[in-house]
2 protein chains.
Amino acid sequence: MITITFPDGKTKEYAKGITGREVVESIGKRLAEAAVAMLVDNTPRDLSFPLDHNALVRFLTFDDPQGKEIFRHSSSHLLAHAIKRLYPYAKPTIGPPVEEGFYYDFDDLKVSEDDLPRIEEEMRKIVSENYSVERIEYRTQGDAVAAFKDNLYKVEMIQGHEEGSSAYKEGDFLDLCRGPHVPRTGMLKAVKLMKLAGAYWRGDAKNKQLTRIYGITFPEEKQLKDYLSLLEEAEKRDHKRIGKEMEIYMLHELVGKGLPIWLPNGEIIRREIEKFAVECEEKDGYVRVATPHMAKQELFLQSGHLPHYKESMYPPMVMDDGTYYLKAMNCPIHHLVFNHRSRSYRELPLRIAEYGTCYRNELSGSLSGLLRVRMLSMNDAHIYCTKDQIADEFKRVLNLTLNYYTTFGFKDFSFRLSLGDPENKGKYIDEPENWAFAEAELRRIVKELKLPCVEGAGEAAFYGPKIDIQFKTIIGREESMSTIQLDFAAKSRFSLHYADNQGKESSDVFVIHRAPLSTHERFIAFLIEHCAGKFPLWLAPVQVVLMTITDNQREYAHALEAELKEHHIRVEIDDRSESMPKKVRDSQGAKIPLMITLGDKEVTNHTVAIRTLDGKVKFGVRKDEFVKSALQCIAERSLQLPW
Amino acid sequence: MITITFPDGKTKEYAKGITGREVVESIGKRLAEAAVAMLVDNTPRDLSFPLDHNALVRFLTFDDPQGKEIFRHSSSHLLAHAIKRLYPYAKPTIGPPVEEGFYYDFDDLKVSEDDLPRIEEEMRKIVSENYSVERIEYRTQGDAVAAFKDNLYKVEMIQGHEEGSSAYKEGDFLDLCRGPHVPRTGMLKAVKLMKLAGAYWRGDAKNKQLTRIYGITFPEEKQLKDYLSLLEEAEKRDHKRIGKEMEIYMLHELVGKGLPIWLPNGEIIRREIEKFAVECEEKDGYVRVATPHMAKQELFLQSGHLPHYKESMYPPMVMDDGTYYLKAMNCPIHHLVFNHRSRSYRELPLRIAEYGTCYRNELSGSLSGLLRVRMLSMNDAHIYCTKDQIADEFKRVLNLTLNYYTTFGFKDFSFRLSLGDPENKGKYIDEPENWAFAEAELRRIVKELKLPCVEGAGEAAFYGPKIDIQFKTIIGREESMSTIQLDFAAKSRFSLHYADNQGKESSDVFVIHRAPLSTHERFIAFLIEHCAGKFPLWLAPVQVVLMTITDNQREYAHALEAELKEHHIRVEIDDRSESMPKKVRDSQGAKIPLMITLGDKEVTNHTVAIRTLDGKVKFGVRKDEFVKSALQCIAERSLQLPW
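Residues numbered from 1 in each chain as written. Chains lettered and ligands numbered in written order. Predicted model: local features only at pLDDT ≥ 70, side-chain atom pairs only at ≥ 80, totals over all residues. Heavy atoms only, no water.

Here the focus is the overall build of chain A. Helix and strand counts for chain A stand at 20 helices and 35 strands. Projected onto its principal axes, the C-alpha positions of chain A cover 85 × 75 × 55 Å. Within chain A, buried positions represent 54% of all 643 residues. For chain A, long-range pairs separated by at least 24 residues make up 68% of all intrachain contacts whose partners lie at least 6 apart in sequence. For chain A, the exposed area adds up to about 29100 Å²; of that, 50% sits on carbon and sulfur atoms. (Helix = DSSP H or I, 4+ residues; strand = E, 2+ residues; numbered from the N terminus. Buried < 20%, exposed > 50% of the residue type's maximum accessible area, 1.4 Å probe, protein only. Contact = heavy atoms within 4.5 Å. Areas by Shrake-Rupley, 256 points an atom, 1.4 Å probe, with all protein chains shown as cover.)

This is the structure in structure tokens:
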């Protein structure tokens, strides 16, 4: 007998040599149906693997990341199986799972997108035929080569020991593979082939070009349907597409990658966001500075950026008086501002804010739209305070952040309190008292503010604990939006100090790093996706369009335009000789929140007819009332229109 | 007989061998008294020089730059003469004129600042003794060495042929010198020694340290007095001193030269100026963009910056996808914005503005305060228009600029219309029709706007004519503030084009470059000097200080503070237990425009007592009236306070 231990700690005795499948069937029917493979002492195995010693066993389903990977890997075999049935001369090469689904590369296969449905059909047939998927071990390399002698790619892999000497067989399809795999093809119920692409054997353009087919699979049709509509939604909300359509930003090959140019519409959004932030910070007692975008290497040696962060920084520029680097962060220069003259305890907490620009040398291949860029603009600040003030300042920053999120209508976020690790002292600055104090304080604040929060031991920065805020985007992507960090290390690196209320020099200056609105690049990408380009009135690049029904209303329209402009409302006139439905469609396309229709009745009665972007219509609104309500909606940065 | 030609073209016959002095005496008594030397066929000569051939002769007075240099050079001999009388063991080394006066370096001289008046006294004595200054020519180097054998520095210079083999003698003081010099020490009437400094022989720190004495001289006492009061005024208004005292900006060696850090007070001024500019530009129909601070070298090759302007640019940064440069100007990226999609004639003129940041690689030795920096921030814009629109757009920009100057209270400026040069075609873009048209248009506009204007042929940019605006600072320095440039070249370099009203592609796009507020660095330096740090209310970093007479008014003061803050007025409270005169002095030191005194009477009557920075006092102003008037003064950006 052997003892099997399960993840919940329970154990059970079984006869030696029992298979995973028999074990899982002894546990329960639902798990047995869902299990795609198992971990035996953390090694992934087929369910058919015989257990011959005491072991820790965990069954994997599609919901486990590892289970999903095995499921998708089995799906690539399914695809190759279907291809071999339809195109017997095609040569399967490799077919791994990827982040979204799987692919398989084939040689000697000529297919077009039009063929994909037929291939899918064949895959579904194999699924319904529900073959069992069996592992074959070859005694020798020679045996393996013999089995795959018709496919030189597989032979090359066998000789290079790349896939071991095992294969998997379903029906009469055999593929070289380490495994493990799902036990039966019938599990791969919901199948979708996504696209075709070209690829090279071993990614080398000197080799022959292969045909790559991408696909995705799920255990249930409903999951596939949900996935496809999410994809459609993501495409609809894609900030790159909307950013281009709405002329928010552009990229240009002469400027280079990761360096977005904000077009007038984007600059309006950026300025409105920054104006909002500055107003809030003014109320919270911040002062503002503007610092150069570069500094001498000596500064970044002192700050620790060059020793620890150099590979993320731009290359140096050697000038006649030294070597300069573009800054990757604003903090070092803010520390110099703090220290430029002696400070009194009366000045603390000193909250130094900046609309800062930083530069990170990301690999060009990793750059994408506004989400990953090389020049970062951000509403940044550093708060210099005493130990006693940490709690208050953290609370203030958290409240400020929550206020921002409420204003933008963000709801799906959560907090993580990232703590140090007493077991791993080398990783963190050695101030045990400060760690204990600060962690307790942050824990208390999170509780007091009733924030949904998990704790992460060993997730702190080396210089202190922090609170991270994670977002789930509307299309389900996880994003890290903001982080509020406490820093015990700056005070010694930069000799921060102040005169306390006894006139004595104290170096107990704590720094809080915070950028609640992330970088403007990332934030606006997020915002575009969040509202699908339908910005709230205060942020919309064009807020109001005045549409005349005939030329008779031109004068009225221009007078109203002048009035709205006087109030800094961003307004356009559409007095083209086009039909009203066409004008409405164009304005909807431009995502203008308020469409104002002006006909003779409106001129006579000094009214306007309002149509909102989400289709509400209201006639006979007094013009003055309209202006007043629109202004109020903008001033309050409301998410809802008054109509 | 020889013929002497004078600068006015007149000629006169003289006996061969006549001296300059005799000639000038024959012309007129005033010139003879003022002449310090002469140019004979453009070579400077002593007045005692005998004229022995036909020549062009111009007499130099102190008012000529060359005359001034000779005057100051003679003054350094005067200083050395006095030193040798007082300190016979001192060894004069070299003593040149410099931009402001002259200096002389001595070895074996121990003096302190306290000795300067005594030395000045001795110099004045030599002046009153009115020695004639005589030139001595040595036949051989040996003769010259023999004459200066007691001074090894002079011997070294003789042997190095550095000062020729001539000397000048006044009384019994002899100095090795090429000359020329003033004819008599009596001309050097007004003498002032400014300061002492250390210096090394030949500027080499390995040599012995010498004592340098700086001085200045004028022909008249009044000129010296005026100069000294100007110096005093300049010192009082020095933007470096005021910038530090008022905490407007700082420099830091770890950040590097020419990279000012705007401190909170400076950032307020910068933001207010930019806000003002944005408001004005909004009314003028500008749109705003924000562009990256760097771009690929390919862009700057296309723009012509790398071929023509590379030495002013920062060094390149090589990244994984190409070579990048920090931008020296914003125009190239604005051109890309113009061209990022097809443009219609309806969009022209398109006015693209940006708060831009540019980088220029100035030599570190040339950098100074805010006046010469390496990172330039500016309210920049480029206007894209058709030929027909050039005149209107220039007029708009000129009016905008004049509006700015009026608001800031600038009066002492003048315009220059900088034209091409038909004689020098290679220097300018070859579009004769556009030159003729544009120059005539600009001339017409300048006349229409009645601007004081001179014309400068051959002063245009290579790409078109421009209007430059020159300022005279309050301390008399000439400064170039703004320039409005027309550009015919960008359209072909960047293939600028639009669809005209017939739907036909036209490439006739003219670009106007304009930055009426200069760079913010230079502009704020100028502004600080202009107002000596006493900013108008709307710009003052702190606008109002509330000073309580006793603790009884604290509540009233804090309520008023809250009210002012609600209106975004920048207010501070001074409720220290200090005397009122001390509080007033401190606020005056901080240059706060409005000092509000609050005593019991004010609390009872809901009034305030106002004291302005220039000393006006008004009691019993109703609190509401005060708030209203202050707000109006700020909103109107008035230069005058309402009280």
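On to the packing of helix α3 (residues 65–86) of chain B against helix α4 (residues 116–129) of chain B, then. Residues and elements named next belong to chain B. It is at 9 Å that the axes of α3 and α4 come closest, and there the two elements cross at 110 degrees. Considering their axes alone, α3 and α4 lie roughly perpendicular with respect to each other. The handedness of the crossing between α3 and α4 is right-handed. On α4, the residues that touch S75, L78, L79, H81, A82, I83, R85 and L86 of α3 are R118, I119, E122, M123, K125, I126, V127 and E129. The residue inventory of the contact of α3 with α4, partitioned by class, reads 9 nonpolar, 2 polar and 5 charged. (Axes fitted to C-alpha atoms, helices over the stretch in contact; angles between N-to-C directions. Parallel < 35°, antiparallel > 145°, perpendicular 65-115°, else oblique. Left-handed = near helix turned anticlockwise from the far one by under 90°. Nonpolar A, V, L, I, M, F, W, Y, C, P; charged D, E, K, R; others polar.)

Turning next to the packing of helix α13 (residues 390–408) of chain B against helix α14 (residues 432–448) of chain B. Two quantities define a packed helix pair, namely the angle between the axes and the distance from one axis to the other. Residues and elements named next belong to chain B. Contact geometry of α13 with α14 gives a least axis separation of 10 Å together with a crossing angle of 40 degrees. When the axes of α13 and α14 are compared, the pair comes out oblique. Considering how the two elements wind past one another, α13 and α14 form a crossing that is right-handed. Contacts between α13 and α14 involve I390, A391, F394, K395 and L398 from the former and F437, E441, L442, R444, I445 and E448 from the latter. The class makeup of the residues in the contact of α13 with α14 is 7 nonpolar, no polar and 4 charged.

What follows is about the relation of the copies chain A and chain B. In screw terms, the move from chain A to chain B is a rotation of 178 degrees and a rise of 0.3 Å along the axis, fitting with an RMSD of 0.9 Å. Here the transformation between the copies is reduced to the relation of a two-fold axis. Taking C-alpha positions as the reference, the residue of chain A nearest the rotation axis is M317 of chain A, at 3.5 Å. (Least-squares fit on C-alpha atoms with pLDDT ≥ 70 in both.)

A few words on α13 of chain B. Residues and elements named next belong to chain B. The terminal C-alpha atoms of α13 lie 27 Å apart, and with 19 residues this matches the ideal 27 Å at 1.5 Å per residue to within 8%. For α13, the buried fraction is high: 14 of the 19 residues fall into the buried class. Two residues or fewer past α13, G409 is found with a positive phi of approximately 80 degrees. (Expected span 1.5 Å × (residues − 1).)

A separate point is the domain arrangement of chain A. One can read the domain layout of chain A as domain 1 (2–60), domain 2 (65–226), domain 3 (330–358 + 374–523) and domain 4 (544–635). The gap between the C-alpha centroids of domain 2 of chain A and domain 4 of chain A is 58 Å. (Domains from an automatic or database assignment.)

Since there are 3.6 residues in each turn of an α-helix, residues three or four apart along the chain are aligned in direction. Residue and element names in this part refer to chain A. Taking 1.5 Å of rise per residue, the 20 residues of helix α9 (residues 264–283) would be expected to cover 28 Å, and the 29 Å separating its terminal C-alpha atoms lies within 8% of that figure. Among the residues of α9, those classed as buried are G266, E267, I269, R270, E272, I273, E274, F276, A277, V278, C280 and E281. G285 occupies a position one or two residues after α9 and carries a positive phi of about 80 degrees.

Residue-level contacts link 53 residues of chain A with 53 residues of chain B. Between chain A and chain B, roughly 4600 Å² of surface is buried when both sides are summed, and carbon and sulfur atoms account for 67% of that area. The three residues of chain A that bury the most area against chain B are L254, A290 and M319 of chain A, which together make up 13% of that side's buried surface. Counting across the chain A and chain B interface gives 6 salt bridges. (Buried area = accessible area lost by both parts, 1.4 Å probe. Salt bridge = Lys/Arg side-chain N within 4 Å of Asp/Glu carboxyl O.)

Let us now look at the environment of L230 of chain A. Residues and elements named next belong to chain A. Summarising the element assignment, L230 is placed in helix α7 (residues 221–237). As a C-alpha pair, L230 and I27 span 203 residues in sequence and 35 Å in three-dimensional space. If sequence neighbours within four positions are ignored, L230 has contacts with I474 and I475.

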